Amino acid sequence: MTEKRDNEMSLLDNQENQKTNGGHVVLKEEEDDPDTQCGIGSCKPRALQVFANIAGFTGFYSITSLLSATLLTYVNSQVTTLERQFGFTSSETGIIMASNDIGYMLVVVFIAHFAHRSHIPRFMSASVLLFGISGLICCLPHFLFGTEKSPSEAPIQEYVLSNVTSQSRVNGLCSLANDTLMNFCEESDAPDKPEVMTSRPRDHAAAALGIIVIGMALQGVAKAPRNPFLITYVDGNVEKAKTGYYMGIIISVAIFGPALAFSLGSYFTRIYVTLGDTDLYPRHPRWIGAWWLGYLVFGAAAIIMSFPLFFFPRRLKNAPPSNAMDDIKKKKKDLVNITAKLIVEVKDYLRVFVGILTNPLYVILVVANVTHMFSVGGAHAFMPKYMENQFGLPAWKANLLMAGLSMPMASLGTFVGGWLTKKFKMSPLTGLKFVNVFTFVAIVIMALGFLFGCPQPKMLNRPGTTTSLTADQENCGSSICHCNDNDFFPICGSDNNNYYSPCHAGCLAQNGPSYLNCTCIPDGGKATAGLCDFDCPYLYPYAVTLAVSAFLSTMMIMPKIIIKIRCVTEKQKPLAVAFSSCMTSLFGFLLGPIIYGRVIDSTCLIWDSPCGERGACALYDIIDLRMKIHGFYVVSRGITCICLLIALAIALKTKIFEKTNTTKEDEEKGVL
C-alpha cells in the first residue's frame with residue numbers, strides 16, 4: 001500500500017510539474033524561467049502568461065506589422081494631393097518615398113548582426129513606437145503652413161480689386177477690354193495695383209519637403225530591425241517546418257496595411273484639407289484632400305500598439321535549442337577586456353559577412369530580389385497617380401480601387417504561398433523552380449498594361465497647338481479675351497470638350513462651380529471646372545491584371561524567404577536577411593521611386609509654373625506615360641527572371657541545399 005501511495009504521489013508531482021503549451025509539454029522549471037515569461041522586471045502577472053507562446057506573439061505582432069505597413073504605404077495614396085498643395089514634382093515625391101530607405105540602409109546591416117543576442121520583442125516594440133512618432137512628424141507641414149483660409153470656390157488668385165475688368169481677369173474669365181495684362185507675381189507700391197492676398201503653391205515647398213523626408217527617413221530606421229529580427233525570433237522559437245507558416249500569417253496580415261492605407265486614403269481625400277465646408281469638389285482642379293489625417297490616425301495607433309509587444313519574453317516556452325547563442329557565450333566567457341570583446345565582434349562580423357558574399361547562390365538571389373523590387377518600389381509607388389491620369393479618375397476612386405482589389409489579392413497571395421510551402425513541404429530546390437515559373441507568368445500578365453489604356457483627352461484652345469475649331473470658335477479665345485497662357489485651369493464644356501481655361505473658352509460669367517456665356521462653347525456655352533469624364537472601357541480589365549499580378553508576385557514571397565535563409569548557415573541567417581533587405585532598399589525602393597518619378601515627369605505636357613517656378617505637372621501625355629511605366633516594369637522583371645534561372649542552374653550544379661546545416665530529423669519532416 002505504501003509503495004502504491006508513493007507512485008500515485010509521484011504521478012501527481014509529475015503532472016503538477018508539467019503543463020502543455022500548444023500541444024507541447026512544458027516543464028514547470030521552464031515555465032518559471034523569467035526569460036520565457038511575459039512582463040517586465042519582477043512584474044510578470046500570471047494572467048499575461050497565456051500570451052507567452054508563438055500564437056500570442058504572432059497575433060500581437062501581426063497588428064503592429066499591419067500599422068507599420070499602413071504608414072509605409074500611405075504616402076502612395078496621397079501623391080497627387082501633396083503635389084497639388086505644395087507644388088511638388090513627381091521627382092520630389094519620389095525623393096519622399098525613397099527617403100524611407102535612406103534611413104533603413106543606415107542601420108539595418110549593423111543591427112541585424114546582434115539579433116541573436118538582443119531582446120527581440122522589446123527591440124521590435126521600440127521600432128513600432130518610432131513608426132508612430134514618424135507618422136506624427138509627417139503631418140506637421142499641415143499645422144505649420146496650413147492652406148487657404150477660405151476653402152470656397154475661389155478664383156485663380158485673390159486680389160483687392162476696384163473694377164469689373166480686373167475682377168474678370170483675376171477669376172480667369174474672358175476680358176474683352178484691351179487693357180494691359182498685370183504682372184501678378186510682383187508686388188508694387190502703386191495704389192492702383194492690386195495686392196496679392198494668397199501665397200504661391202511653392203512658398204513652403206522646400207520646408208514641407210524637408211519635414212516629410214525626415215519623417216519618412218525615421219520610418220526607414222524603424223523598419224530596419226523588422227525582417228532580420230522577426231525571422232530570427234520566429235525561426236528560433238518554432239520547428240523549422242513551421243517557420244514559413246507563421247511568417248506567412250504575419251506577412252499576410254501586414255499586406256492588408258496597404259489596403260487599409262488606400263481605403264482610408266480614399267476617404268481622407270474626399271474631405272477638404274481644412275475639414276471645413278467648401279463649394280469645391282474632388283474633381284475640381286483646386287481640390288486638396290485631408291492628407292494629414294492619415295498620418296495622425298495611423299501614427300497615434302502605432303504608438304498605442306507598440307506597448308503590448310514590449311512585454312513579450314526574450315524566448316518562448318519550449319523553443320528549440322539554439323547553437324548560435326551557445327557559441328557566442330563560449331567565445332565571450334573568458335573575455336573581460338572591452339577591447340578584446342570588440343575585436344572578437346568585428347572579426348566575427350567580417351567572417352560572417354565575407355561568408356555570405358562568397359555564396360554565389362545567395363548573391364544571385366539578392367540581385368533577382370533587387371530587380372524585382374525596383375519595379376515594385378517604382379511602378380506601384382505611383383500606381384494610384386497613374387490610374388488617376390490614365391483613366392481620368394479622382395484620387396479617392398483610384399485609392400479605393402487599389403484598396404478593394406489589388407491589395408487584398410496581394411495578402412491572399414502571401415498566405416497561399418506560405419500555406420503551399422507547408423502543405424507540400426517543398427524542398428528549397430522545388431521552391432526555386434516554383435518561383436521561376438510564376439515570375440514569368442506574372443511578367444506576361446502585367447505586360448497586358450501596354451494594351452489596356454486610354455486615348456489622350458483633347459484640349460481645345462490650348463496655346464501653342466493647332467486644334468481645328470469651328471467658325472464660331474475662331475472668333476473667341478486668347479487673342480480676343482487677352483488671356484494669360486500661364487494660367488492653366490481646365491474646364492469641361494457642355495459639348496463634352498476640355499478647354500484650357502475659362503478665359504481661353506471665352507467665358508464671361510461665373511456662378512459657383514459653373515461658367516456661363518462661354519463664346520467658344522456651343523450648346524449653351526456652359527462649363528464646369530475640371531476635365532471631362534472620358535469613355536475608356538479598359539479600367540476594370542487593367543485592375544484585374546493588377547490584382548492577378550499582385551497575387552502571383554506575393555505568392556512567391558514565402559518560398560523566396562525560405563530559399564534565402566536555407567542557402568546560408570544558421571549563424572549567417574540574420575546578416576543574410578539584413579544585407580538582402582539593404583540592397584533591395586538601395587537599388588529597389590530608393591532608386592525605384594526616384595527614377596520612376598523622373599520618367600513620369602518626362603511625360604508632362606503642361607507644368608503648373610507659378611511665377612515662372614516649376615511646380616507640379618498639370619497635364620500628362622497618358623499614352624507616353626503608359627508605355628514608359630510598363631516598359632520599365634517589364635524590363636526589370638525580365639532581368640529578375642534571368643537571375644532566377646541562373647540561380648536554379650547554380651543550385652543544381654553545386655547541390656548547395658544538400659550541404660547546408662539541416663538536421664536528419666528536419667530532413668525527415670521535409671523541411672525547406
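Definitions and limits used
- Residues numbered from 1 in each chain as written.
- Predicted model: local features only at pLDDT ≥ 70, side-chain atom pairs only at ≥ 80, totals over all residues.
- Heavy atoms only, no water.
- Helix = DSSP H or I, 4+ residues; strand = E, 2+ residues; numbered from the N terminus.
- Buried < 20%, exposed > 50% of the residue type's maximum accessible area, 1.4 Å probe, protein only.
- Contact = heavy atoms within 4.5 Å.
- Areas by Shrake-Rupley, 256 points an atom, 1.4 Å probe, with all protein chains shown as cover.
- Pairing = 2+ DSSP bridges.
- Disulfide = S-S within 2.5 Å.
- Salt bridge = Lys/Arg side-chain N within 4 Å of Asp/Glu carboxyl O.
- Core = buried A, V, L, I, M, F, W, Y, C linked by side-chain atoms within 4.5 Å.
- 1 Å grid on protein atoms, 1.4 Å probe; cavity = no way out; pocket = protein on both sides within 12 Å on 5 of 7 lines; lining within 4 Å.
- Points joined across faces, edges and corners; volume = space filled by probe spheres on them.
- Nonpolar A, V, L, I, M, F, W, Y, C, P; charged D, E, K, R; others polar.
- Phe/Tyr/Trp six-rings, centres within 6.5 Å; stacked < 30°, edge-to-face > 60°.
- Lys NZ or Arg CZ within 6 Å of the ring centre and 35° of its normal.
- pLDDT = per-residue confidence, 0-100.
- Expected span 1.5 Å × (residues − 1).
- Axes fitted to C-alpha atoms, helices over the stretch in contact; angles between N-to-C directions.
- Parallel < 35°, antiparallel > 145°, perpendicular 65-115°, else oblique.
- Left-handed = near helix turned anticlockwise from the far one by under 90°.
- Patch = residues over 30% accessible without salt bridge, like charges linked within 9 Å, V, L, I, M, F, W, Y side chains within 5 Å.

S.K.: Provide a residue-level description of the overall build of the chain, including the pertinent values.
M.R.: Summing up its helical and strand segments, the chain has 25 helices and 10 strands in all. Counting every position in the chain, which comprises 672 residues, the buried fraction comes to 52%. Taking the intrachain contacts of the chain between residues at least 6 apart in sequence as the baseline, contacts between residues at least 24 apart amount to 79%. Approximately 29,900 Å² of the chain is accessible, and the part contributed by carbon and sulfur atoms is 62%.

S.K.: Talk me through the sheet that holds strand E7 (residues 514-518); I want residue IDs and the actual numbers.
M.R.: Across a sheet, strands are paired by hydrogen bonds formed along the backbone, either parallel or antiparallel in direction. Read across the open sheet, the six strands follow the order E3-E5-E4-E8-E7-E6; overall the sheet is mixed. Strands with a single pairing partner mark the edges of an open sheet, and in this sheet they are strand E3 (459-460) and strand E6 (507-511). Looking at chain direction, E6 and E7 are connected through four bridges and run antiparallel. Bridge pairing in E7 places Ala509 opposite Leu516.

S.K.: Summarise the state of the cysteines; cite the residues concerned and give the values.
M.R.: As enumerated under the stated definition, the model contains four disulfides in all. The partner cysteine of Cys492 in its disulfide is Cys532, sulfur to sulfur 2.0 Å. Its torsion about the S-S bond being 110°, the disulfide of Cys492 and Cys532 is classed as right-handed. With Cys492 in strand E4 (residues 491-493) and Cys532 in the loop between strand E8 (527-529) and helix H20 (539-555), this residue pair connects regions lying 40 residues apart in the sequence. There is no split in this pair, since Cys492 and Cys532 are both buried. The partner cysteine of Cys507 in its disulfide is Cys518, sulfur to sulfur 2.0 Å. Taking the sign of the torsion about the S-S bond as the criterion, the disulfide between Cys507 and Cys518, at about 100°, is right-handed. In this pair, Cys507 is assigned in strand E6 and Cys518 in strand E7, connecting sequence segments 11 residues apart. Cys518 matches Cys507 in its accessibility class, with the two residues each being buried. Sulfur of Cys139: no disulfide; nearest cysteine sulfur belongs to Cys138 and is 7.9 Å away. The thiol sulfur of Cys643 is not disulfide-bonded, and the nearest other cysteine sulfur, from Cys641, lies at 9.5 Å. You can call Cys643 buried: its relative accessible area is 7%.

S.K.: So what's going on with the pattern of salt bridges? Which residues, and what values?
M.R.: Evaluated as defined, the whole model comprises two salt bridges. One salt bridge connects Glu83 with Lys385, and the closest N-O pair in it is separated by 2.7 Å. Taken together, the positions of Glu83 in helix H4 (residues 79-86) and Lys385 in helix H16 (residues 383-391) put the pair 302 residues apart, joining distant regions of the chain. Residues Glu83 and Lys385 agree in their burial class; the two are buried.

S.K.: Before we move on, can you summarise the nonpolar core with the specific residues and values?
M.R.: Formed by 93 residues in total, the largest nonpolar core has its most connected members in Phe88, Tyr295 and Met387. Counting residues in each nonpolar core, the second largest holds 43 residues, with Met105, Leu432, Ala442 and Ala651 among its members.

S.K.: Can you tell me about empty space enclosed by the protein, naming the residues and giving the values?
M.R.: Evaluated as defined, the whole model comprises eight cavities of 30 Å³ or more. Reported here for the second largest cavity is a volume of approximately 90 Å³. In this structure, the second largest cavity is lined by Leu365, Ala368, Asn369, Leu432, Lys560, Ile563, Lys564 and Leu644. Those elements that place two or more of their residues in the lining of the second largest cavity are helix H15 (360-380) and helix H21 (557-566). Tallied by class, the residues present in the lining of the second largest cavity amount to five nonpolar, one polar and two charged.

S.K.: So what's going on with the packing of aromatic side chains? Residues and values would help.
M.R.: All told, the structure shown has 18 aromatic pairs when counted by the stated rule. Ring centres 6.0 Å apart and planes at 75° place the aromatic pair Phe86 and Trp291 in the edge-to-face group. Separated by 205 residues along the polypeptide, Phe86 in helix H4 and Trp291 in the loop between helix H11 (243-268) and helix H12 (292-310) bring together distant segments of the chain. Trp291 matches Phe86 in its accessibility class, with the two residues each being buried. Aromatic side chains Phe391 and Tyr542 sit 5.7 Å apart centroid to centroid with 40° between the ring planes, which places their arrangement in the tilted category. Here the residue Phe391 occupies a position in helix H16, and Tyr542 occupies one in helix H20, the gap between them amounting to 151 residues. The two residues Phe391 and Tyr542 agree in class, both being buried. A network of ring pairs unites the aromatic residues Tyr74, Phe86, Phe88, Trp291, Tyr295 and Phe298 as a single cluster. Directly above the ring of Phe310 sits Arg122, whose terminal nitrogen or CZ lies 5.1 Å from the centroid.

S.K.: Report on the confidence of the model for the chain, specifying residues and quantitative values.
M.R.: Chain-level statistics for the chain give a pLDDT mean of 75 and a share of 75% at 70 or above. Per-residue pLDDT, averaged within each element of the chain, yields its smallest value for helix H8 (residues 164-170) (40) and its largest for helix H23 (residues 622-654) (90). Taken as a whole, residues 149-170 scores under 50 in pLDDT and shows 60 contacts with residues more than four places along the chain or in a different chain. Scored below 50 in pLDDT, residues 186-201 shows 24 contacts in the model against residues more than four places distant or in partner chains.

S.K.: Give me helix H18 (residues 428-446): which residues, what numbers.
M.R.: Given a rise of 1.5 Å per residue, 19 residues ought to cover 27 Å, and the 27 Å separating the end C-alpha atoms of H18 matches this to within 8%. For H18, the full list of buried residues reads Pro428, Gly431, Leu432, Phe434, Val435, Asn436, Thr439, Ala442, Ile443 and Met446.

S.K.: Outline the pairing of E7, listing residues and values.
M.R.: Side-chain direction in a regular strand flips from residue to residue, so the side chains alternate between the two faces of the sheet. Pairing of E7 with E8, which is carried by two bridges, proceeds in the antiparallel orientation. Looking at the pairing, Tyr515 lines up with Ala527 of E8.

S.K.: Lay out the environment of Tyr233 in plain terms, naming residues and giving numbers.
M.R.: With respect to the secondary-structure elements, Tyr233 resides in helix H10 (residues 226-237). When its relative accessible area of 2% is taken as the criterion, Tyr233 is described as buried. Distance in space between the C-alpha atoms of Tyr233 and Pro121 is 8.4 Å, their sequence separation being 112 residues. For Tyr233, the residues in contact, after removing those within four places along its chain, are Phe57, Ile120, Pro121, Pro313, Arg314, Arg315 and Leu316.

S.K.: Can you explain the packing of H11 against H12? Please cite residues and give values.
M.R.: Running from N to C, H11 and H12 cross one another at 135°; their axes reach a closest spacing of 9 Å. Relative to H12, H11 is oriented oblique. Once H11 is placed against H12, the crossing between them reads as right-handed. On the side of H11, the interface is formed by Leu260, Ala261, Leu264 and Phe268, while H12 contributes Leu293, Gly294, Val297 and Phe298.

S.K.: Lay out the packing of H10 against H11 in plain terms, naming residues and giving numbers.
M.R.: For the pair H10 and H11, interaxial distance at closest approach is 9 Å and the crossing angle is 135°. Judged on the interaxial angle alone, H11 and H10 are oblique. The element H10 and its partner H11 pack so that their crossing is right-handed. Contacts from Leu230, Ile231, Val234 and Asp235 in H10 reach Thr243, Tyr246, Met247 and Ile250 in H11. Considered class by class, the residues forming the contact of H10 with H11 number six nonpolar, one polar and one charged.

S.K.: Mind laying out a nonpolar patch on the surface, listing which residues take part and the relevant values?
M.R.: Judged by side-chain polarity, Ile40, Leu129, Ile133, Phe307 and Phe311 come together as a nonpolar surface patch covering roughly 390 Å² of accessible area. Structurally, Phe311 can be placed in the loop between H12 and helix H13 (323-332). Since its relative accessible area comes to 31%, Phe311 is described here as partly exposed.

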